[in-house]
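Residues per chain are reported as follows:
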Amino acid sequence: MNRCEMLIVDDEKFAVEGIMNGNDWAALGIEAVYGAGSADEARAVMLERPIDILICDIEMPDEDGLSLAKWVKEHYPNTEFLFLTCHSEFAYAKQAIHLGSFDYLLKPADSGELAQVVTRMMATIRERREQSDSQEKYQKYYALYSKQLPLVVEHFWQDVLSRRILSFGDFLDRALRDAQLELTSSDCVQPILISIEEWKKPLQERDQEALEYAVKKAAEEILLEGRPGHMVTDKNGVLFVLAYGPQGEERDCERWLRAASAFKDACLKYFYCQVSCYIGYFALLQELPEQCDGLKKMERSNVTKPHSVLLYDKAITPPPSSSVSEHVSMSKEEWLSVISSGNRDKVIELIGAHVARLEEHSNGNPRQLETYLHQFLQVIYHFLYARGIEVSQIPNFSMWSTAQIRTLAQFKYWAVNLASAVMDTVFHEEESEGVVQKSIQFMKENVEEDISREDVAAYVHLNPAYLSRLFKKETGRNLIDYLIETKVNRAKLLLDTTDMTVSAIAQQVGYSNFSHFTRTFKKHTGVNPQEYRKHSS
């Protein structure tokens, strides 16, 4: 609510009427204007009405405006007040300022000048209301966060996304029942990836955790809008909204774009964070892990469109490559070459192509399917052996390797998920370590440049939010904190080993603002740069 109510207090009736009628207050957002001829009348009005703005004459016969202002400040601290007086003595202005007066004008006040002051007062009131609203939301979500308990449903979706559940047939239906979800293996899910890209104000770790929970709840409320669904954080800390729907439900792009834009704006306004949304499409539960991998790939590659809403358009499996052999038999060398490349899309394409060939030539022969399944497992065993990886390192490998596969559709989901689980284990750690080490090396080599998180992410060709999450997972530390600490350590070395001035050192390590450098240095060392040099010399 942005409208206000205003009270004018003056013992001169014509002065009150002049202010009331001198401007179009409604056009400025003033919902109601009241008048009072004394401090007692003003108190009576304020006891009955929520007065936001008080315009008050200082010199009144029974009780002056300064006395009334003290009472207002004690009982209605959010009321903004403006003093009017015939005298220009500094003593009056000093008392008015001491009481917290918004401004101080000489009578008779010019109507245009008065309107300008009232407009500024209303802007202050609106800002305070927005801050109060944000604080109320924060307290609400922090209370919920403090009470939350691990959810069976969230654990189920985490297991699905990390391929710890066989996502087809009876296996999936049993797991759905265990999670008490009113879904079947033939239902569809639409995922939306929520990427928290940047916090717009410094936060303590506890406050950040509470606000992350608030973002999750807001995503459920705004994106789902009452439809069945759930919010889940996968094992890598990625947030997904999962909307449930019947088989064949189409994605309403306009609806999701509107909802995601509203959610994005709410996060920036109330939770001090910049987010992007990556919107998937409705697909069978068996296809959910693969689609979520695609959304994560979108986020990882998004280096030019921060704070945006993007649609995932890979709604069908890529067409088989012309290089795929026309015959059905499996070539171990071909499979090992594709899997060893680390290109998950190529592996999925190859599986789809071979299943298509089987559909053409097998005539429903279960023995041929069983043979093909064992050949695929042999490829996996050979690949893991060559990499020095034990099968026990693959989540639920024994369950995957002993699954009873009865149809080609089941085989396709089984092969895609098993290959993905294996590749996650083998390649993810190598990729993560390489990216993190490159980032650390870049920060150390450019410690004397004015570099940011975005500069580091650009160097490794990754989305800044994705890199920050990866860095935190691999090192246990925030990338920004590591960058600042690297600069502070360099500054300490220069303070210890050179006669450079503190100001010169600040510029040397990339700080153009000397005060900011001093505050940052003290935050990380407990002393300012001058004190550090004095104690270390």
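Everything discussed here concerns the structure shown above.
In this report, we go over the structure that sits alongside the text.

Attention now moves to the overall build of the chain. Broken down by element type, the chain carries 21 helices and 11 strands. For the chain, the proportion of its 537 residues judged to be buried stands at 47%. Here the analysis covers contacts within the chain between residues at least 6 apart in sequence; of these, 71% occur between residues at least 24 apart. For the chain, the accessible surface area stands at approximately 27200 Å², while carbon and sulfur atoms represent 50% of it.

Under the definition given, this model contains 15 aromatic pairs. Summarising the aromatic geometry, the rings of phenylalanine 411 and tryptophan 414 are spaced 5.7 Å apart at their centres and angled 35° between planes, so their arrangement reads as tilted. Of this pair, phenylalanine 411 and tryptophan 414 are both found in helix 15 (residues 408-445), three residues apart, which corresponds to roughly one turn of the helix. Taking 5.9 Å as the distance between ring centres and 50° as the angle between the ring planes, the aromatic pair formed by phenylalanine 517 and phenylalanine 521 counts as tilted. Remark: phenylalanine 521 and phenylalanine 517 occur in helix 20 (residues 514-525); sequence separation between them is four residues, near one turn of the helix. The class for phenylalanine 517 is buried, based on a relative accessible area of 2%. Of the residues examined, phenylalanine 521 reaches a relative accessible area of 0% and is grouped as buried.

Here we take up the packing of helix 20 against helix 21 (residues 529-536). Relative to each other, helix 20 and helix 21 sit at 55°, their axes nearing to 9 Å. Considering their axes alone, helix 20 and helix 21 lie oblique with respect to each other. Between helix 20 and helix 21, the residues in contact are Phe514, Phe517, Thr518 and Phe521 and Pro529, Gln530 and Tyr532, respectively. Among the residues forming the contact of helix 20 with helix 21, the class breakdown is five nonpolar, two polar and no charged.

In this structure, Ile351, Phe376, Leu384, Phe411, Trp414 and Leu418 are the most contacted members of the largest nonpolar core, which totals 38 residues. Of all the secondary structure elements, the ones that give two or more residues to this core are helix 11 (332-340), helix 12 (344-361), helix 13 (366-387), helix 14 (397-401) and helix 15. No other element matches helix 15, which puts 12 residues into this core. Ranked by size, the runner-up nonpolar core spans 33 residues in total, among them Tyr138, Ala218, Ala266 and Val309.

Across all of its chains, the model carries 19 salt bridges by this definition. In this structure, arginine 43 and glutamate 63 form a salt bridge, with 2.6 Å as the shortest nitrogen-oxygen distance. Linking arginine 43 in helix 2 (residues 39-48) with glutamate 63 in the loop between strand 3 (53-57) and helix 3 (65-75), this pair joins segments that are 20 residues apart in sequence. Owing to a relative accessible area of 16%, arginine 43 belongs among the buried residues under this scheme. The partner of glutamate 454 in a salt bridge is arginine 453, and the shortest N-O contact between them spans 3.3 Å. Three or more residues are tied together by salt bridges with common partners; here these are Arg163, Asp234, Asp293, Lys296 and Asp424.

With that out of the way, let us pick up unusual backbone geometry. The phi dihedral of glutamine 180 falls on the positive side, at around 60°, and the residue is not glycine. Along the chain, the position of glutamine 180 falls in the loop between helix 7 (169-178) and strand 6 (188-199).

Another point: helix 10 (residues 288-301). With 14 residues, helix 10 should cover 20 Å at 1.5 Å per step; its first-to-last C-alpha distance of 20 Å lies within 8% of that length. Those residues of helix 10 not exposed but buried are Leu288, Pro289, Gln291, Cys292, Asp293, Gly294, Leu295, Lys296 and Glu299.

So, about the environment of alanine 214. Counting through the fold element by element, alanine 214 comes out in helix 8 (residues 205-224). Residue alanine 214 is classed as buried on the basis of its relative accessible area of 0%. Once the C-alpha coordinates of alanine 214 and glutamine 139 are considered, the two residues, 75 residues apart in sequence, prove to be 9.7 Å apart. If sequence neighbours within four positions are ignored, alanine 214 has contacts with Tyr141 and Phe271.

Looking now at the pairing of strand 6. Regular strands show a simple pattern: their side chains alternate between the two faces of the sheet. Most of strand 6 sits inside the fold, with 11 of its 12 residues counted as buried. Examined bridge by bridge, strand 6 and strand 8 (residues 239-245) share seven bridges and lie antiparallel to one another. When the sheet's bridge partners are listed, valine 189 is paired in strand 8 with tyrosine 244. Here strand 6 pairs with strand 10 (residues 283-284) via two bridges, running antiparallel. Looking at the pairing, cysteine 188 lines up with leucine 284 of strand 10. Where strand 6 meets strand 9 (residues 273-279), seven bridges bridge the pair, whose relative direction is antiparallel. Bridge pairing in strand 9 links isoleucine 192 to isoleucine 279.

Glancing now at the packing of helix 6 (residues 152-161) against helix 10. Interhelical geometry of helix 6 versus helix 10 gives an angle of 80° and a closest axis separation of 8 Å. Taken as axis vectors, helix 6 and helix 10 run roughly perpendicular relative to one another. Touching Trp157, Val160 and Leu161 of helix 6 are Leu288, Pro289 and Cys292, all from helix 10. Of the residues assigned to the contact of helix 6 with helix 10, the class counts are six nonpolar, no polar and no charged.

With respect to the helices, strands and loops of the structure, alanine 32 is situated in strand 2 (residues 30-36). Discounting residues that sit within four places of it in the chain, alanine 32 has contacts with Cys4, Glu5 and Met6.

Basis of the calculations
- Residues numbered from 1 in each chain as written.
- Predicted model: local features only at pLDDT ≥ 70, side-chain atom pairs only at ≥ 80, totals over all residues.
- Heavy atoms only, no water.
- Helix = DSSP H or I, 4+ residues; strand = E, 2+ residues; numbered from the N terminus.
- Buried < 20%, exposed > 50% of the residue type's maximum accessible area, 1.4 Å probe, protein only.
- Contact = heavy atoms within 4.5 Å.
- Areas by Shrake-Rupley, 256 points an atom, 1.4 Å probe, with all protein chains shown as cover.
- Phe/Tyr/Trp six-rings, centres within 6.5 Å; stacked < 30°, edge-to-face > 60°.
- Axes fitted to C-alpha atoms, helices over the stretch in contact; angles between N-to-C directions.
- Parallel < 35°, antiparallel > 145°, perpendicular 65-115°, else oblique.
- Nonpolar A, V, L, I, M, F, W, Y, C, P; charged D, E, K, R; others polar.
- Core = buried A, V, L, I, M, F, W, Y, C linked by side-chain atoms within 4.5 Å.
- Salt bridge = Lys/Arg side-chain N within 4 Å of Asp/Glu carboxyl O.
- Expected span 1.5 Å × (residues − 1).
- Pairing = 2+ DSSP bridges.

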